[in-house]
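What follows is each chain in one-letter form.
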Amino acid sequence: MLFVFPTQNEMVPGNGVSWTPLHLMEGTITPNGLHYERHHNGVPQIDPKKHRLLIHGLVKQDLIFSIEDLLRYPMQSKICFIECGGNSNAGWNKQPSQSEAGYFNGMASCSEWTGVPLSVLLDEVGLRKKAKWLVAEGADAFAMQMSIPIEKALDDAFLALYQNGERIRPENGYPLRLIVPGWEGVLNVKWLRRLKITNRPVMARNETSRYTELQPSGKARMFTFPIEAKSLITSPSAHMVLKEPSLYQITGLAWSGRGKISKVEVSADGGETWAEAELQEPVLDRSFTRFRLPWHWNGKPAVLKSRATDETGYVQPERTELVKQRGRHGFFHYNAITNWHVDRDGFVSHVYDKNENETTDSNLSIDSGWD
Ligand SMILES: Nc1nc2c(c(=O)[nH]1)N[C@H]1C(S)=C(S)[C@@H](COP(=O)(O)O)O[C@H]1N2
Ligand SMILES: [Mo]
């Protein structure tokens, strides 16, 4: 399922995105047909019998693997989220996006991925002393290339063949994709055909001109790999209507690329007071964590917020803090707290904090909202 937006370059019709409708979902696992999709140039049709993975570069011995070969290796499974570094980037806009929660934050999904630990294959090719980075390449028309530090490759990266028990769907990288748990989406190269071991990053398009951001200091942030802790109330959320003053369940998702979520706090008065939400067990490393809290709406206007803390102690920032830290040229890595305003009629909309100074000059206006 791919929606290609007409505003995109018509020379590249395969460039587009579809979102996970987080606001319509419960639990923590994304069904395969609802996993978000981000393609830089279409979905290749790959014959698994012909597909090969080459591992070469600073290795003792180059090796080529068929899918049949890889299917014979001992496998591991891991439940983890994948989030695009461009997810929620409409949050950088001066005006709050009024899209439904999933159609602005749904470039994030969570699956059980199964495949072969990369460390096993790297052991087989034998790394040379100067091996510091690994360049992963996809077999799509874009020939996506991304550089990954060798420590992460040896730590917990793996080559996935299955997603939620079935073979990975074409849109998500069939027959083989790289999974780099907790690190930004673009590193999870789909349709993986080559791993080149190098002594430095390749400086590909998506790690230089994209997925980087100019900071107030004038220097760009680059290689900002782990996804920082984030949470989002999925219900009630934008466009929903609370029919009458009554008891409601506030629920949402939290995740962190640095480990487990340790706490989600919820406020129903715009951040004056907070209550700790219940986290659905099991709370897993680098995975969606479902939180829930009962709330009595008294019929008066209210502002709902959720704030995640992860096991490193990192606390999800307010939008003002994030903008202060990163400046006004951000496009990626938006993880600020989202505010949902409930009006007297029970209608829910997206608002920024009142105290936010949105008068700063900015040439920024994000319409398309992905990368
Ligand atoms: N070969 C290849 N790999 C790719 C991409 C791509 O366009 N080509 N898109 C990347 C981006 S930007 C993201 S966010 C994730 C999206 O994975 P999904 O489509 O399975 O959700 O895949 C990454 N891997
Ligand atoms: Mo992405």
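Everything numeric here is computed off the predicted structure, so don't read it as measured data.

Calculation notes
- Residues numbered from 1 in each chain as written.
- Chains lettered and ligands numbered in written order.
- Predicted model: local features only at pLDDT ≥ 70, side-chain atom pairs only at ≥ 80, totals over all residues.
- Heavy atoms only, no water.
- Domains from an automatic or database assignment.
- Contact = heavy atoms within 4.5 Å.
- Buried area = accessible area lost by both parts, 1.4 Å probe.
- Salt bridge = Lys/Arg side-chain N within 4 Å of Asp/Glu carboxyl O.
- Polar contact = N/O pair within 3.5 Å; in protein donor to acceptor, adjacent residues only side chain to side chain.
- Helix = DSSP H or I, 4+ residues; strand = E, 2+ residues; numbered from the N terminus.
- Near = heavy atom within 4 Å.
- Areas by Shrake-Rupley, 256 points an atom, 1.4 Å probe, with all protein chains shown as cover.
- 1 Å grid on protein atoms, 1.4 Å probe; cavity = no way out; pocket = protein on both sides within 12 Å on 5 of 7 lines; lining within 4 Å.
- Sits in = over half its atoms within 2 Å of the grid points.
- Nonpolar A, V, L, I, M, F, W, Y, C, P; charged D, E, K, R; others polar.
- Points joined across faces, edges and corners; volume = space filled by probe spheres on them.

When its domains are assigned, the chain resolves into domain 1 (7–221) and domain 2 (230–351). Contacts between the two partners involve 45 residues from domain 1 and, on the opposite side, 40 residues from domain 2. Between domain 1 and domain 2 lies a buried interface of about 3,500 Å² when both sides are counted; carbon and sulfur atoms form 56% of it. Between domain 1 and domain 2 we count four salt bridges in total. For the pair domain 1 and domain 2, the interface holds 21 residue pairs in polar contact (both at pLDDT 80 or more). Of all the elements in the fold, those that place two or more residues in the side of domain 1 that touches domain 2 are β5 (76–83), α2 (102–105), β6 (108–117) and β13 (213–214). Ranked by residues supplied to the side of domain 1 that touches domain 2, first place goes to β5 with five residues.

This part is about the site of ligand 1. The local shell around ligand 1 holds 20 residues, among which Y36, H40, D140, R177 and K190 are the closest. At 2.6 Å from an oxygen atom of ligand 1 is found a main-chain nitrogen or oxygen belonging to Y36. Between H40 and ligand 1, the recorded distance is 2.8 Å, taken from a backbone N or O atom to an oxygen atom. When ligand 1 sits alone it has 530 Å² of accessible area, and the protein chains cover 100% of it. A molecule is said to occupy a pocket when more than half its atoms come within 2 Å of that pocket's grid points, and by this definition ligand 1 occupies the largest cavity. The greatest single-element share of the shell around ligand 1, amounting to three residues, is contributed by strand β2 (residues 37–39). A breakdown of the residues in the shell around ligand 1 according to their chemical character gives seven nonpolar, seven polar and six charged.

Let's shift gears to empty space enclosed by the protein. On inspection of all chains with the given rule, the structure shows four cavities of 30 Å³ or more. Size it by volume and the largest cavity reaches roughly 220 Å³. As for the largest cavity, its lining consists of 19 residues, and the residues nearest its centre are R38, R177, G185, N188 and K190. A class-by-class count of the residues in the lining of the largest cavity yields eight nonpolar, seven polar and four charged. For the second largest cavity, the calculated volume is near 60 Å³. Looking at the second largest cavity, it is lined by 11 residues, and the ones nearest its centre are R319, Y334, I337, T338 and Y352. Among the residues making up the lining of the second largest cavity, the classes are represented as five nonpolar, three polar and three charged.

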